[in-house]
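# Structure assessment
Now for the letters of each chain:
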Amino acid sequence: MPYAELTAEGLVALVAIGQKEAMEEVYARYARPIYSLALHMLHSREAAEEVVQDTFLALWQKASSYRQERGSVGAWLMTIAHHRAVDRLRRDRRGRVPSGDLLSLVEPGLGFPDPAQAATQNEERHHVRQGLAKLPEEQQEVLTLAYFLGYSQREIARLLNQPLGTVKTRTRLALKRLREALRPSPPKEGAS
Amino acid sequence: MRHAQVEHLLPEYLHGTLGLWHRLSVAFHLKRCAPCREEARQIAEALALLSQAVEQVDPPPALAQRVLARLEPPPGALRGLPFPLRIPTTWLLSGTMSKIIVALGLVILLVAGGMTAWGMYLSKRMGNLEAGNREIQEALQDQRQLVYQVANPEVKEIPLEAPPEDGQARGVFMAQPEGRWGTLVAIGLMPLGAEGTYQVWLVAFDGSHWRAGFLLVDDTGWGQVDIRTEIPVKEFRAIWVSVEPAGGSRYPRGRPVLGGEIQLR
(Lines give C-alpha, C1' and ligand atoms only; values in the text may rest on other atoms or scores of the structure.)
Protein backbone atom coordinates (compact mmCIF):
# COMPACT_ATOMS: atom_id res chain seq x y z
CA MET A 1 0.00 0.00 0.00
CA PRO A 2 1.45 3.43 -0.90
CA TYR A 3 1.36 4.89 2.57
CA ALA A 4 3.16 8.03 1.50
CA GLU A 5 0.17 8.98 -0.61
CA LEU A 6 -2.39 8.64 2.18
CA THR A 7 -3.72 11.57 4.17
CA ALA A 8 -2.69 11.85 7.79
CA GLU A 9 -6.26 11.04 8.82
CA GLY A 10 -6.21 7.89 6.67
CA LEU A 11 -2.92 6.85 8.22
CA VAL A 12 -4.25 7.31 11.74
CA ALA A 13 -7.25 5.13 10.85
CA LEU A 14 -4.80 2.40 9.78
CA VAL A 15 -2.73 2.88 12.93
CA ALA A 16 -5.93 2.36 14.92
CA ILE A 17 -6.21 -1.16 13.51
CA GLY A 18 -2.58 -1.89 14.30
CA GLN A 19 -0.80 -1.31 10.98
CA LYS A 20 2.81 -0.58 11.84
CA GLU A 21 3.69 0.53 8.32
CA ALA A 22 1.16 3.35 8.67
CA MET A 23 2.76 4.22 11.98
CA GLU A 24 6.16 4.45 10.27
CA GLU A 25 4.75 6.91 7.78
CA VAL A 26 3.17 9.05 10.53
CA TYR A 27 6.53 9.02 12.29
CA ALA A 28 8.30 10.08 9.11
CA ARG A 29 5.95 13.06 8.78
CA TYR A 30 5.75 14.29 12.35
CA ALA A 31 8.81 13.13 14.31
CA ARG A 32 10.89 16.12 13.23
CA PRO A 33 8.53 18.91 14.39
CA ILE A 34 7.76 17.02 17.61
CA TYR A 35 11.44 16.46 18.38
CA SER A 36 12.27 20.06 17.51
CA LEU A 37 9.58 21.46 19.80
CA ALA A 38 10.56 19.17 22.68
CA LEU A 39 14.26 19.91 22.27
CA HIS A 40 13.55 23.60 22.18
CA MET A 41 11.48 23.45 25.36
CA LEU A 42 13.55 20.99 27.37
CA HIS A 43 17.10 21.71 26.15
CA SER A 44 17.94 18.04 26.45
CA ARG A 45 18.23 15.55 23.61
CA GLU A 46 17.43 12.68 25.95
CA ALA A 47 14.29 14.36 27.29
CA ALA A 48 13.22 15.34 23.76
CA GLU A 49 13.61 11.74 22.61
CA GLU A 50 11.43 10.60 25.51
CA VAL A 51 8.74 13.06 24.49
CA VAL A 52 8.85 11.72 20.92
CA GLN A 53 8.57 8.16 22.20
CA ASP A 54 5.71 9.00 24.57
CA THR A 55 3.84 10.87 21.85
CA PHE A 56 3.99 8.07 19.31
CA LEU A 57 3.19 5.48 21.96
CA ALA A 58 0.10 7.55 22.83
CA LEU A 59 -0.81 7.61 19.15
CA TRP A 60 -0.41 3.84 18.88
CA GLN A 61 -2.61 3.26 21.91
CA LYS A 62 -5.22 5.93 21.27
CA ALA A 63 -5.42 6.30 17.50
CA SER A 64 -9.01 5.07 17.56
CA SER A 65 -10.01 8.01 19.76
CA TYR A 66 -8.86 10.56 17.17
CA ARG A 67 -11.75 12.61 15.75
CA GLN A 68 -11.12 14.65 12.65
CA GLU A 69 -13.68 17.28 13.61
CA ARG A 70 -11.63 18.16 16.69
CA GLY A 71 -8.61 19.18 14.61
CA SER A 72 -5.92 17.96 12.25
CA VAL A 73 -3.68 15.02 13.05
CA GLY A 74 -0.73 17.41 13.19
CA ALA A 75 -2.41 19.65 15.76
CA TRP A 76 -3.46 16.60 17.79
CA LEU A 77 0.04 15.15 17.87
CA MET A 78 1.66 18.50 18.59
CA THR A 79 -0.81 19.03 21.47
CA ILE A 80 0.07 15.65 22.96
CA ALA A 81 3.80 16.30 22.57
CA HIS A 82 3.51 19.81 23.94
CA HIS A 83 1.58 18.67 27.01
CA ARG A 84 4.17 15.94 27.66
CA ALA A 85 6.95 18.52 27.45
CA VAL A 86 5.08 20.97 29.70
CA ASP A 87 4.43 18.23 32.25
CA ARG A 88 8.14 17.47 32.30
CA LEU A 89 9.14 21.12 32.55
CA ARG A 90 6.77 21.69 35.44
CA ARG A 91 7.82 18.50 37.19
CA ASP A 92 11.49 19.39 36.86
CA ARG A 93 11.06 22.79 38.43
CA ARG A 94 8.49 21.76 41.06
CA GLY A 95 9.07 23.61 44.28
CA ARG A 96 11.19 26.25 42.62
CA VAL A 97 9.48 29.61 42.73
CA PRO A 98 9.74 31.65 39.55
CA SER A 99 12.04 34.56 40.22
CA GLY A 100 12.63 37.87 38.55
CA ASP A 101 15.84 36.49 37.07
CA LEU A 102 13.78 34.49 34.68
CA LEU A 103 12.69 37.70 33.04
CA SER A 104 15.98 37.69 31.24
CA LEU A 105 14.68 34.65 29.38
CA VAL A 106 11.68 36.39 27.95
CA GLU A 107 13.16 39.05 25.80
CA PRO A 108 10.86 39.46 22.83
CA GLY A 109 11.53 36.83 20.25
CA LEU A 110 12.80 34.27 22.73
CA GLY A 111 12.32 30.77 21.53
CA PHE A 112 12.25 31.68 17.91
CA PRO A 113 15.14 31.28 15.52
CA ASP A 114 17.28 34.21 14.56
CA PRO A 115 15.27 36.22 12.01
CA ALA A 116 18.40 36.44 9.92
CA GLN A 117 18.00 32.75 9.22
CA ALA A 118 14.54 33.30 7.82
CA ALA A 119 15.68 32.97 4.24
CA THR A 120 16.77 29.42 4.87
CA GLN A 121 13.50 28.36 6.45
CA ASN A 122 10.62 26.97 4.55
CA GLU A 123 7.72 29.13 3.59
CA GLU A 124 5.39 27.91 6.32
CA ARG A 125 7.83 28.64 9.10
CA HIS A 126 8.52 32.02 7.62
CA HIS A 127 4.78 32.68 7.59
CA VAL A 128 4.47 31.65 11.24
CA ARG A 129 7.33 33.87 12.32
CA GLN A 130 5.91 36.77 10.42
CA GLY A 131 2.64 36.21 12.24
CA LEU A 132 4.46 36.22 15.57
CA ALA A 133 6.35 39.34 14.73
CA LYS A 134 3.05 41.14 14.26
CA LEU A 135 2.12 40.60 17.91
CA PRO A 136 2.91 43.36 20.41
CA GLU A 137 5.92 42.55 22.58
CA GLU A 138 3.90 42.01 25.76
CA GLN A 139 1.74 39.45 23.94
CA GLN A 140 4.79 37.62 22.58
CA GLU A 141 6.08 37.61 26.13
CA VAL A 142 3.06 35.87 27.68
CA LEU A 143 2.81 33.41 24.80
CA THR A 144 6.46 32.48 25.20
CA LEU A 145 6.17 32.02 28.95
CA ALA A 146 3.00 29.97 28.65
CA TYR A 147 3.62 27.91 25.54
CA PHE A 148 7.37 27.39 25.43
CA LEU A 149 8.22 27.59 29.13
CA GLY A 150 5.06 26.00 30.52
CA TYR A 151 4.19 28.64 33.13
CA SER A 152 0.61 28.94 34.37
CA GLN A 153 -1.02 32.34 34.08
CA ARG A 154 -0.82 32.85 37.83
CA GLU A 155 2.93 32.19 37.69
CA ILE A 156 3.32 34.55 34.74
CA ALA A 157 1.48 37.27 36.64
CA ARG A 158 3.95 36.88 39.52
CA LEU A 159 6.89 36.75 37.18
CA LEU A 160 5.92 39.88 35.29
CA ASN A 161 4.52 41.60 38.35
CA GLN A 162 1.25 42.16 36.55
CA PRO A 163 -2.35 41.54 37.68
CA LEU A 164 -3.64 38.09 36.77
CA GLY A 165 -6.49 39.64 34.76
CA THR A 166 -4.00 41.55 32.62
CA VAL A 167 -2.06 38.38 31.86
CA LYS A 168 -5.24 36.53 30.95
CA THR A 169 -6.36 39.32 28.66
CA ARG A 170 -2.96 39.50 26.96
CA THR A 171 -2.95 35.75 26.42
CA ARG A 172 -6.40 35.69 24.91
CA LEU A 173 -5.60 38.62 22.66
CA ALA A 174 -2.31 37.04 21.62
CA LEU A 175 -4.02 33.79 20.68
CA LYS A 176 -6.76 35.64 18.81
CA ARG A 177 -4.26 37.69 16.83
CA LEU A 178 -2.08 34.70 16.20
CA ARG A 179 -5.02 32.78 14.77
CA GLU A 180 -5.87 35.67 12.51
CA ALA A 181 -2.26 36.09 11.44
CA LEU A 182 -1.79 32.40 10.70
CA ARG A 183 -5.09 31.92 8.93
CA PRO A 184 -4.31 30.66 5.42
CA SER A 185 -4.65 33.49 2.94
CA PRO A 186 -6.94 32.95 -0.07
CA PRO A 187 -5.12 31.97 -3.26
CA LYS A 188 -4.02 34.96 -5.30
CA GLU A 189 -5.67 35.74 -8.61
CA GLY A 190 -3.84 33.99 -11.40
CA ALA A 191 -1.71 31.92 -9.03
CA SER A 192 -0.82 28.53 -10.41
CA MET B 1 -18.97 24.17 34.06
CA ARG B 2 -20.42 27.18 32.31
CA HIS B 3 -19.69 28.38 28.80
CA ALA B 4 -18.09 31.67 29.89
CA GLN B 5 -15.86 29.93 32.42
CA VAL B 6 -14.62 27.52 29.79
CA GLU B 7 -13.89 30.32 27.35
CA HIS B 8 -11.86 31.92 30.11
CA LEU B 9 -9.88 28.74 30.80
CA LEU B 10 -9.34 27.53 27.22
CA PRO B 11 -5.91 29.16 26.65
CA GLU B 12 -4.44 27.56 29.76
CA TYR B 13 -6.15 24.27 28.95
CA LEU B 14 -4.48 24.22 25.55
CA HIS B 15 -1.13 25.34 26.98
CA GLY B 16 -1.27 22.33 29.28
CA THR B 17 -0.76 24.45 32.40
CA LEU B 18 -4.25 24.28 33.87
CA GLY B 19 -4.73 22.62 37.27
CA LEU B 20 -6.01 19.09 37.17
CA TRP B 21 -9.55 19.71 38.33
CA HIS B 22 -10.11 22.56 35.87
CA ARG B 23 -8.45 20.57 33.11
CA LEU B 24 -10.97 17.79 33.59
CA SER B 25 -13.90 20.17 33.84
CA VAL B 26 -12.95 21.87 30.59
CA ALA B 27 -12.41 18.51 28.92
CA PHE B 28 -15.88 17.33 29.85
CA HIS B 29 -17.45 20.59 28.73
CA LEU B 30 -15.71 20.32 25.36
CA LYS B 31 -17.17 16.89 24.83
CA ARG B 32 -20.66 18.35 24.97
CA CYS B 33 -20.27 21.88 23.60
CA ALA B 34 -19.70 22.21 19.85
CA PRO B 35 -18.96 25.99 19.78
CA CYS B 36 -16.30 25.67 22.51
CA ARG B 37 -14.88 22.64 20.74
CA GLU B 38 -14.56 24.65 17.55
CA GLU B 39 -12.89 27.49 19.45
CA ALA B 40 -10.48 25.01 21.03
CA ARG B 41 -9.79 23.42 17.65
CA GLN B 42 -8.86 26.75 16.11
CA ILE B 43 -6.55 27.69 18.99
CA ALA B 44 -4.93 24.24 18.93
CA GLU B 45 -4.27 24.56 15.19
CA ALA B 46 -2.67 27.98 15.72
CA LEU B 47 -0.52 26.63 18.57
CA ALA B 48 0.53 23.67 16.44
CA LEU B 49 1.72 26.14 13.81
CA LEU B 50 3.43 28.18 16.50
CA SER B 51 5.42 25.11 17.44
CA GLN B 52 6.88 25.12 13.94
CA ALA B 53 8.47 28.49 14.57
CA VAL B 54 11.26 26.84 16.51
CA GLU B 55 14.40 25.72 14.76
CA GLN B 56 13.76 22.38 13.11
CA VAL B 57 16.15 19.61 14.11
CA ASP B 58 16.18 16.05 12.81
CA PRO B 59 15.75 13.42 15.52
CA PRO B 60 18.53 10.80 15.72
CA PRO B 61 17.91 8.07 13.09
CA ALA B 62 18.02 5.36 15.77
CA LEU B 63 15.06 6.94 17.55
CA ALA B 64 12.64 5.65 14.90
CA GLN B 65 13.72 2.08 15.63
CA ARG B 66 13.33 2.60 19.36
CA VAL B 67 9.85 4.05 18.92
CA LEU B 68 8.74 1.25 16.64
CA ALA B 69 10.29 -1.39 18.90
CA ARG B 70 8.09 -0.20 21.74
CA LEU B 71 5.03 -0.98 19.65
CA GLU B 72 5.89 -4.65 19.38
CA PRO B 73 3.84 -7.14 21.37
CA PRO B 74 5.79 -8.73 24.22
CA PRO B 75 8.36 -11.15 22.84
CA GLY B 76 6.93 -14.65 22.54
CA ALA B 77 8.31 -17.52 24.50
CA LEU B 78 9.24 -19.49 21.37
CA ARG B 79 11.63 -17.74 18.98
CA GLY B 80 12.76 -20.95 17.25
CA LEU B 81 13.98 -24.31 18.28
CA PRO B 82 16.51 -24.55 21.14
CA PHE B 83 20.17 -24.83 20.18
CA PRO B 84 20.67 -28.64 20.18
CA LEU B 85 17.77 -29.17 17.78
CA ARG B 86 19.23 -26.61 15.39
CA ILE B 87 22.22 -28.87 14.68
CA PRO B 88 22.17 -29.48 10.92
CA THR B 89 20.85 -32.92 10.01
CA THR B 90 23.78 -33.40 7.62
CA TRP B 91 26.03 -33.37 10.68
CA LEU B 92 23.96 -35.99 12.50
CA LEU B 93 23.86 -38.26 9.47
CA SER B 94 27.51 -37.93 8.51
CA GLY B 95 28.21 -41.48 9.43
CA THR B 96 30.70 -41.41 12.31
CA MET B 97 29.60 -43.27 15.42
CA SER B 98 31.04 -40.69 17.78
CA LYS B 99 28.91 -37.97 16.33
CA ILE B 100 25.83 -40.16 16.62
CA ILE B 101 26.64 -40.86 20.26
CA VAL B 102 27.09 -37.18 20.95
CA ALA B 103 23.81 -36.44 19.24
CA LEU B 104 22.00 -39.15 21.17
CA GLY B 105 23.50 -37.85 24.39
CA LEU B 106 22.21 -34.40 23.60
CA VAL B 107 18.74 -35.78 22.88
CA ILE B 108 18.71 -37.70 26.16
CA LEU B 109 19.86 -34.65 28.04
CA LEU B 110 17.19 -32.60 26.36
CA VAL B 111 14.44 -35.11 27.19
CA ALA B 112 15.60 -35.39 30.81
CA GLY B 113 15.80 -31.62 31.11
CA GLY B 114 12.40 -31.27 29.50
CA MET B 115 10.82 -33.71 31.94
CA THR B 116 12.32 -31.90 34.89
CA ALA B 117 11.13 -28.57 33.53
CA TRP B 118 7.69 -30.07 32.90
CA GLY B 119 7.49 -31.27 36.50
CA MET B 120 8.46 -27.85 37.78
CA TYR B 121 5.98 -26.26 35.42
CA LEU B 122 3.14 -28.49 36.66
CA SER B 123 4.00 -27.74 40.27
CA LYS B 124 4.04 -24.02 39.59
CA ARG B 125 0.83 -24.31 37.63
CA MET B 126 -0.91 -25.93 40.59
CA GLY B 127 0.18 -23.02 42.75
CA ASN B 128 -1.07 -20.58 40.14
CA LEU B 129 -4.41 -22.37 39.93
CA GLU B 130 -4.88 -22.03 43.67
CA ALA B 131 -4.04 -18.33 43.50
CA GLY B 132 -6.33 -18.01 40.48
CA ASN B 133 -9.15 -19.64 42.42
CA ARG B 134 -8.75 -17.09 45.22
CA GLU B 135 -8.85 -14.28 42.65
CA ILE B 136 -12.03 -15.70 41.11
CA GLN B 137 -13.68 -15.80 44.53
CA GLU B 138 -12.73 -12.18 45.11
CA ALA B 139 -13.92 -11.20 41.64
CA LEU B 140 -17.22 -12.99 42.31
CA GLN B 141 -17.61 -10.99 45.49
CA ASP B 142 -16.96 -7.80 43.50
CA GLN B 143 -19.59 -8.80 40.95
CA ARG B 144 -22.16 -9.45 43.71
CA GLN B 145 -21.42 -6.01 45.07
CA LEU B 146 -21.89 -4.58 41.60
CA VAL B 147 -25.19 -6.36 41.04
CA TYR B 148 -26.43 -5.06 44.37
CA GLN B 149 -25.57 -1.51 43.33
CA VAL B 150 -27.20 -1.84 39.92
CA ALA B 151 -30.35 -3.46 41.33
CA ASN B 152 -30.82 -0.93 44.13
CA PRO B 153 -33.22 1.82 42.96
CA GLU B 154 -31.77 4.29 45.46
CA VAL B 155 -28.34 4.06 43.94
CA LYS B 156 -27.44 6.85 41.54
CA GLU B 157 -25.03 6.43 38.66
CA ILE B 158 -22.43 9.08 37.96
CA PRO B 159 -20.78 8.66 34.55
CA LEU B 160 -17.03 9.23 34.32
CA GLU B 161 -15.35 10.18 31.07
CA ALA B 162 -11.80 10.60 29.84
CA PRO B 163 -10.36 13.91 28.62
CA PRO B 164 -10.88 14.17 24.83
CA GLU B 165 -7.22 13.79 23.90
CA ASP B 166 -6.92 10.79 26.13
CA GLY B 167 -9.41 8.57 24.57
CA GLN B 168 -11.58 5.69 25.22
CA ALA B 169 -11.73 5.03 28.94
CA ARG B 170 -15.18 5.17 30.54
CA GLY B 171 -16.44 4.64 34.03
CA VAL B 172 -19.38 4.84 36.36
CA PHE B 173 -19.54 5.61 40.07
CA MET B 174 -22.56 4.08 41.80
CA ALA B 175 -23.61 5.36 45.20
CA GLN B 176 -26.57 6.44 47.30
CA PRO B 177 -26.64 10.21 47.89
CA GLU B 178 -26.99 9.81 51.64
CA GLY B 179 -24.72 6.79 51.81
CA ARG B 180 -21.06 6.72 52.73
CA TRP B 181 -19.86 4.23 50.22
CA GLY B 182 -20.03 3.49 46.52
CA THR B 183 -18.51 1.43 43.75
CA LEU B 184 -16.41 2.78 40.91
CA VAL B 185 -16.11 0.70 37.75
CA ALA B 186 -13.95 1.66 34.79
CA ILE B 187 -13.17 0.17 31.39
CA GLY B 188 -10.69 1.02 28.67
CA LEU B 189 -7.80 2.00 30.96
CA MET B 190 -4.27 0.93 30.13
CA PRO B 191 -2.81 -1.44 32.73
CA LEU B 192 0.03 0.37 34.52
CA GLY B 193 3.44 -1.07 35.25
CA ALA B 194 5.00 -1.26 38.67
CA GLU B 195 5.93 2.40 38.55
CA GLY B 196 2.41 3.81 38.61
CA THR B 197 -1.08 3.44 40.02
CA TYR B 198 -4.55 4.77 39.32
CA GLN B 199 -5.63 6.81 42.34
CA VAL B 200 -9.22 7.90 42.96
CA TRP B 201 -10.07 11.34 44.34
CA LEU B 202 -13.27 12.85 45.65
CA VAL B 203 -13.62 16.63 45.46
CA ALA B 204 -15.65 18.33 48.20
CA PHE B 205 -17.61 21.51 47.59
CA ASP B 206 -14.91 23.54 49.33
CA GLY B 207 -12.45 22.30 46.70
CA SER B 208 -10.57 19.96 49.00
CA HIS B 209 -9.45 16.64 47.54
CA TRP B 210 -10.04 13.39 49.46
CA ARG B 211 -8.06 10.28 48.73
CA ALA B 212 -10.64 7.61 47.86
CA GLY B 213 -8.56 4.56 47.05
CA PHE B 214 -6.73 2.86 44.23
CA LEU B 215 -8.21 1.47 41.07
CA LEU B 216 -6.57 -1.80 40.08
CA VAL B 217 -6.85 -2.34 36.35
CA ASP B 218 -6.49 -5.79 34.80
CA ASP B 219 -5.12 -6.72 31.37
CA THR B 220 -8.51 -6.14 29.75
CA GLY B 221 -8.63 -2.54 30.98
CA TRP B 222 -11.29 -3.28 33.61
CA GLY B 223 -10.97 -1.79 37.05
CA GLN B 224 -13.26 -1.74 40.08
CA VAL B 225 -12.94 -0.33 43.57
CA ASP B 226 -15.24 0.09 46.55
CA ILE B 227 -15.02 3.56 48.02
CA ARG B 228 -15.89 4.44 51.59
CA THR B 229 -16.35 8.03 52.67
CA GLU B 230 -16.48 9.80 56.02
CA ILE B 231 -19.29 12.10 54.90
CA PRO B 232 -22.32 11.37 52.68
CA VAL B 233 -21.50 10.98 49.00
CA LYS B 234 -23.79 13.89 48.11
CA GLU B 235 -21.36 16.21 49.94
CA PHE B 236 -18.86 15.74 47.13
CA ARG B 237 -19.09 17.61 43.88
CA ALA B 238 -16.85 15.40 41.73
CA ILE B 239 -14.91 12.20 41.49
CA TRP B 240 -11.89 11.61 39.32
CA VAL B 241 -8.98 9.29 38.71
CA SER B 242 -5.35 10.22 38.08
CA VAL B 243 -2.13 8.37 37.40
CA GLU B 244 0.15 8.65 40.41
CA PRO B 245 3.46 7.06 41.40
CA ALA B 246 3.26 3.57 42.91
CA GLY B 247 2.00 3.83 46.48
CA GLY B 248 -0.13 6.85 45.63
CA SER B 249 0.16 10.55 46.32
CA ARG B 250 -0.97 12.70 49.19
CA TYR B 251 -2.34 15.28 46.79
CA PRO B 252 -3.25 14.80 43.12
CA ARG B 253 -0.27 15.57 40.91
CA GLY B 254 -0.50 13.13 38.01
CA ARG B 255 -2.30 12.99 34.72
CA PRO B 256 -6.13 12.80 35.00
CA VAL B 257 -7.65 9.91 33.11
CA LEU B 258 -11.31 9.87 34.18
CA GLY B 259 -13.68 12.19 35.92
CA GLY B 260 -17.30 13.08 36.53
CA GLU B 261 -19.46 15.57 38.40
CA ILE B 262 -21.47 14.00 41.21
CA GLN B 263 -24.33 16.51 41.56
CA LEU B 264 -26.42 14.59 44.08
CA ARG B 265 -27.39 17.47 46.36
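Calculation criteria
- Residues numbered from 1 in each chain as written.
- Chains lettered and ligands numbered in written order.
- Predicted model: local features only at pLDDT ≥ 70, side-chain atom pairs only at ≥ 80, totals over all residues.
- Heavy atoms only, no water.
- Helix = DSSP H or I, 4+ residues; strand = E, 2+ residues; numbered from the N terminus.
- Buried < 20%, exposed > 50% of the residue type's maximum accessible area, 1.4 Å probe, protein only.
- Contact = heavy atoms within 4.5 Å.
- Areas by Shrake-Rupley, 256 points an atom, 1.4 Å probe, with all protein chains shown as cover.
- Buried area = accessible area lost by both parts, 1.4 Å probe.
- Salt bridge = Lys/Arg side-chain N within 4 Å of Asp/Glu carboxyl O.
- Polar contact = N/O pair within 3.5 Å; in protein donor to acceptor, adjacent residues only side chain to side chain.
- Nonpolar A, V, L, I, M, F, W, Y, C, P; charged D, E, K, R; others polar.
- Pairing = 2+ DSSP bridges.
- Core = buried A, V, L, I, M, F, W, Y, C linked by side-chain atoms within 4.5 Å.
- Axes fitted to C-alpha atoms, helices over the stretch in contact; angles between N-to-C directions.
- Parallel < 35°, antiparallel > 145°, perpendicular 65-115°, else oblique.
- Expected span 1.5 Å × (residues − 1).
- Bend = angle between axes of the 7 residues up to and from the residue.
- Patch = residues over 30% accessible without salt bridge, like charges linked within 9 Å, V, L, I, M, F, W, Y side chains within 5 Å.
- Phe/Tyr/Trp six-rings, centres within 6.5 Å; stacked < 30°, edge-to-face > 60°.
- Lys NZ or Arg CZ within 6 Å of the ring centre and 35° of its normal.
- pLDDT = per-residue confidence, 0-100.

A tally of regular secondary structure across chain A gives 8 helices and 0 strands. N-terminal to C-terminal, the α/β element order of chain A is α-α-α-α-α-α-α-α. Each of the 192 residues in chain A was classed as buried or not, and the buried ones make up 49%. A separation threshold of at least 6 residues defines the contact pool for chain A, and within that pool the share at least 24 residues apart is 61%. Surface summary for chain A: the accessible area is close to 9,800 Å², and the carbon and sulfur share equals 49%.

This part covers the interface of chain A and chain B. Many descriptions give the size of an interface as the accessible area lost when the pieces come together. Listed per partner, the contact involves 62 residues of chain A and 48 residues of chain B. Each partner contributes to the roughly 5,300 Å² buried at the junction of chain A and chain B, and carbon and sulfur atoms together form 61% of this total. By the criterion of area lost to chain B, the three top residues of chain A are Gln53, Arg70 and Arg179 of chain A, representing 12% of everything that side buries. Here chain A is connected to chain B by 4 salt bridges. One salt bridge connects Glu39 of chain B with Arg179 of chain A, and the closest N-O pair in it is separated by 3.3 Å. Between the two partners, chain A and chain B, sit 11 residue pairs in polar contact (both at pLDDT 80 or more). Sorting the residues of the side of chain A that touches chain B by element identifies helix 2 (20-42), helix 3 (45-62), helix 4 (73-92), helix 5 (123-133), helix 6 (137-148) and helix 8 (164-182) of chain A as the ones contributing at least two each. Here the side of chain A that touches chain B is composed, by residue class, of 27 nonpolar, 16 polar and 19 charged.

In this section: unusual backbone geometry. Residues and elements named next belong to chain A. With phi around 55°, His43 is a residue other than glycine that occupies positive phi space. By the secondary structure assignment, His43 is in the loop between helix 2 and helix 3. With a relative accessible area of 67%, His43 lands in the exposed category. Of note, the phi angle at Asn161 is positive, near 55°, even though the residue is not glycine.

The next point concerns the side chain of Gln53 of chain A. In this structure, Gln53 of chain A sits in helix 3. The exposure class of Gln53 of chain A is buried, given its relative accessible area of 12%. Gln53 of chain A has contacts with Leu63, Arg66, Val67 and Arg70 of chain B, leaving out every residue within four places of it along the chain.

Right, let's get into the pairing of strand 2 (residues 170-175) of chain B. Working note: regular strand, side chains alternate between the two faces of the sheet. Residues and elements named next belong to chain B. One ladder, built from 6 bridges, connects strand 1 (residues 156-161) with strand 2; its direction is antiparallel. For Glu161, the partnering residue across the bridge sits in strand 2 and is Arg170. Relative to strand 3 (residues 181-187), strand 2 is paired through 6 bridges, and the arrangement is antiparallel. Bridge pairing links Met174 to Thr183 in strand 3. Here strand 2 hands over to strand 3 after 5 residues, the two strands then running antiparallel side by side.

Soluble globular proteins: nonpolar side chains tend toward being buried together. In this structure, Phe56 and Leu59 of chain A are the most contacted members of the largest nonpolar core, which totals 75 residues. Here the element with the most residues in this core is helix 2 of chain A; it accounts for 13 residues. Sequence-distant contacts of Leu59 of chain A, that is, excluding residues within four places in its chain, are made with Val12, Val15, Met23, Val26, Trp76 and Leu77 of chain A. Leu160, Ala186, Tyr198 and Val225 of chain B belong to the second-largest nonpolar core, a separate cluster that totals 27 residues.

This part covers the packing of helix 8 of chain A against helix 1 (residues 3-15) of chain B. Packing of helix 8 of chain A against helix 1 of chain B brings their axes to within 10 Å, and their N-to-C directions diverge by 75°. One element, helix 8 of chain A, and the other, helix 1 of chain B, form an angle in the roughly perpendicular class. Contact residues: Lys168, Thr171, Arg172 and Leu175 of chain A in helix 8 of chain A; Glu7, His8, Pro11 and His15 of chain B in helix 1 of chain B.

Turning our eyes to something else, we now look at helix 1 of chain B. Between the first and last C-alpha of helix 1 of chain B there are 19 Å, a value that for 13 residues agrees with the 18 Å anticipated at 1.5 Å per step. In helix 1 of chain B, a bend of some 45° at Leu9 of chain B exceeds every other bend along the element, and Pro11 of chain B, a proline, comes one to four places later. If you check which residues of helix 1 of chain B are buried, you get Val6, Leu9, Leu10, Pro11, Glu12, Tyr13, Leu14 and His15 of chain B. On its buried face, helix 1 of chain B is in contact with helix 4, helix 6, helix 7 (153-160) and helix 8 of chain A together with helix 2 (20-32) and helix 3 (34-50) of chain B.

A few words now on a nonpolar patch on the surface. On the surface, Val107, Val111 and Met115 of chain B cluster together into a nonpolar patch covering about 290 Å² of accessible area. If you trace the backbone, Val111 of chain B turns up in helix 6 (residues 97-151).

What the rule picks out here adds up to 5 aromatic pairs over all chains. Judged by centre distance (5.2 Å) and plane angle (45°), the ring pair of Tyr66 of chain A and Trp76 of chain A falls under tilted. Here Trp76 of chain A lies in helix 4 and Tyr66 of chain A lies in the loop between helix 3 and helix 4, a separation of 10 residues in the sequence. You can call Trp76 of chain A buried: its relative accessible area is 11%. Here Trp210 of chain B and Phe236 of chain B contribute two aromatic rings whose centre-to-centre distance is 5.2 Å and whose plane-to-plane angle is 90°, an arrangement assigned as edge-to-face. With Trp210 of chain B in strand 5 (residues 209-215) and Phe236 of chain B in strand 7 (residues 236-245), this pair connects stretches of sequence that are 26 residues apart. A relative accessible area of 28% means that Trp210 of chain B is categorised as partly exposed. When the ring centre of Phe205 of chain B is taken as origin, the NZ or CZ atom of Arg265 of chain B, which lies over that ring, is 4.0 Å away.

The next point concerns the side chain of Glu155 of chain A. Inspection of the secondary structure puts Glu155 of chain A in helix 7. Of the polar contacts made by the side chain of Glu155 of chain A, one reaches the backbone nitrogen of Ser152 of chain A; its length is 2.9 Å.

All names here are of chain A. The predicted model of chain A averages 79 in pLDDT, with 80% of residues at 70 or higher. Model confidence for chain A, summarised as mean pLDDT per element, is weakest for helix 5 at 77 and strongest for helix 2 at 93. Within the model, the stretch residues 97-120 combines pLDDT values under 50 with 37 contacts to residues more than four positions away or in other chains. Contacts for the low-pLDDT stretch residues 188-192, under 50 throughout, to residues beyond four places or in other chains number 0 contacts.

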